[in-house]
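What follows is each chain in one-letter form.
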Amino acid sequence: MDYNDSDAGTSLSTGSGGLDTGPGGRLRAPLRKSASQGLKIVVVGGFGVGKTTLVGSVSEIRPLSTEEVMTEASRGVDDDSRVRDKTTTTVAFDFGRITLDSRNVLYLFGSPGQERFWYLWDQLFAGSLGAVVLVDTRRLKDSWYAIDRLEHHKMPFVVAVNRFDGIDGPEPTLARVREALSIEDGIPVIDCDARVRESSKQVLISLVKYLTRLSDSARSEQAGSGRR
Amino acid sequence: MSPRAIDREMPDRFYTITHGRVPGDDDPFDIVSLIVAERDPAPGMQSEHVKILQMCHAPMAVVEISAELRLPVSVVKVLLLDLLDTGGITTRHPLPRATAASGPAGMHLPDHDVLKQVLLGLQRL
């Protein structure tokens, strides 16, 4: 994908080497000893929309991938009864990492919005700060399902339109995308180029600012009801 | 929190590693819980336990351990439970979900101060 390898290991001390090779012979960049709080944001979208590219362009490590199997214990967490007919469900997902400060480490997860992925949402992504729905305007339909599921899981999200072919040309405007996906006015819909670190960073900032607005209004509502 | 025995559904390779256990519903690990090794591997330990203790000299998230070991997250959780029970590791947990405020339409919202710290961190990138 299009992430820049030179971004890998920005948190490492020095040197051409400087890179630590883990037991699996893979690239590792240890966290600071003071790191104490892991946080997560999930990037969802259809196949090939650029999720790994977005994660990779802001991550301090080269994106890693892993998988989860749905186990007996967690089955039935989602309310979809079709799950019970299956024996094992496996989903693969990518992730990257951003060290925010001495304490906080943000993990970014990219996962296909395919159906079986949502069976594992609670097991993997409950407690996420929020989500980014990454959209390819040529395949808007791919995003409908993801948006529906995020609403179902009560996970706040922003919509980022990945203009990887350049913004010129006959692509729909953001207003059209908002309309086509029936996105409420308050929810940010923004352009991005997932290959560009600064652009991906702005997507995350939009999400966090949106979450802050929601949190502020929830707090003032609570304060308001307290006064009554 | 004792892992329950199952399960003919777990692939053989994982079954061998976990002795057929899966994490219970009350397993204490989030995928971004940070794991720290509290001691060195001892002789005779299962090789996956040894690897985890070696890689967690610096804090490491559950999901990173999973990627490094090339094992599913739930298999790693079983291994971590063993180490937690024997004092081999400690865990730095993310914020409990219960403390999150509820927003409009019952949305799950993160803690306000945490959001502030995340925003500052991202702006500094």
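Residues numbered from 1 in each chain as written. Chains lettered and ligands numbered in written order. Predicted model: local features only at pLDDT ≥ 70, side-chain atom pairs only at ≥ 80, totals over all residues.

1. Details of the sheet that holds strand E5 (residues 89-92) of chain B
Residue and element names in this part refer to chain B. How we decide: Only strands joined by at least two bridges in the DSSP assignment are considered to pair. Starting at the N terminus, helices and strands are each numbered in turn, a helix being any DSSP run of H or I of at least four residues and a strand any DSSP run of E of at least two.
Ordered by their spatial adjacency, 3 strands build an open sheet running E4-E3-E5, and the pairing between neighbours is antiparallel. At either end of the open sheet lies a strand with only one pairing partner, and these are strand E4 (60-61) and E5. Sheet topology places strand E3 (residues 34-37) next to E5; 4 bridges connect them, and they run antiparallel. Each bridged residue has a counterpart across the sheet, and for Val36 the counterpart in E5 is Thr90.

2. Concerning the interface of chain A and chain B
Our working rule: Any pair of residues counts as being in contact when their C-beta atoms, constructed from backbone geometry, are within 7 Å of one another. Classification used: nonpolar for Ala, Val, Leu, Ile, Met, Phe, Trp, Tyr, Cys and Pro, charged for Asp, Glu, Lys and Arg, polar for all others including Gly.
Between chain A and chain B, the contact holds 49 residues from the first and 50 residues from the second. Only strand E3 (37-45), strand E4 (64-70), strand E5 (89-99), strand E6 (104-112) and helix H6 (197-227) of chain A provide two or more residues apiece to the side of chain A that touches chain B. Sorting elements by how many residues they give to the side of chain A that touches chain B places H6 of chain A first, with 11 residues. The residue inventory of the side of chain A that touches chain B, partitioned by class, reads 24 nonpolar, 14 polar and 11 charged.

3. Some words on the confidence of the model for chain B
Residue and element names in this part refer to chain B. For clarity, the cut-off: The predictor rates its confidence in each residue with pLDDT, a number between 0 and 100.
For chain B, per-residue confidence averages 85 on the pLDDT scale, and 82% of positions sit at 70 or higher. This stretch, residues 1-9, has a pLDDT under 50; its non-local contacts, to residues over four places away or in other chains, come to 27 contacts. Scoring the predicted complex yields pTM 0.84 and, for the interface, ipTM 0.87.

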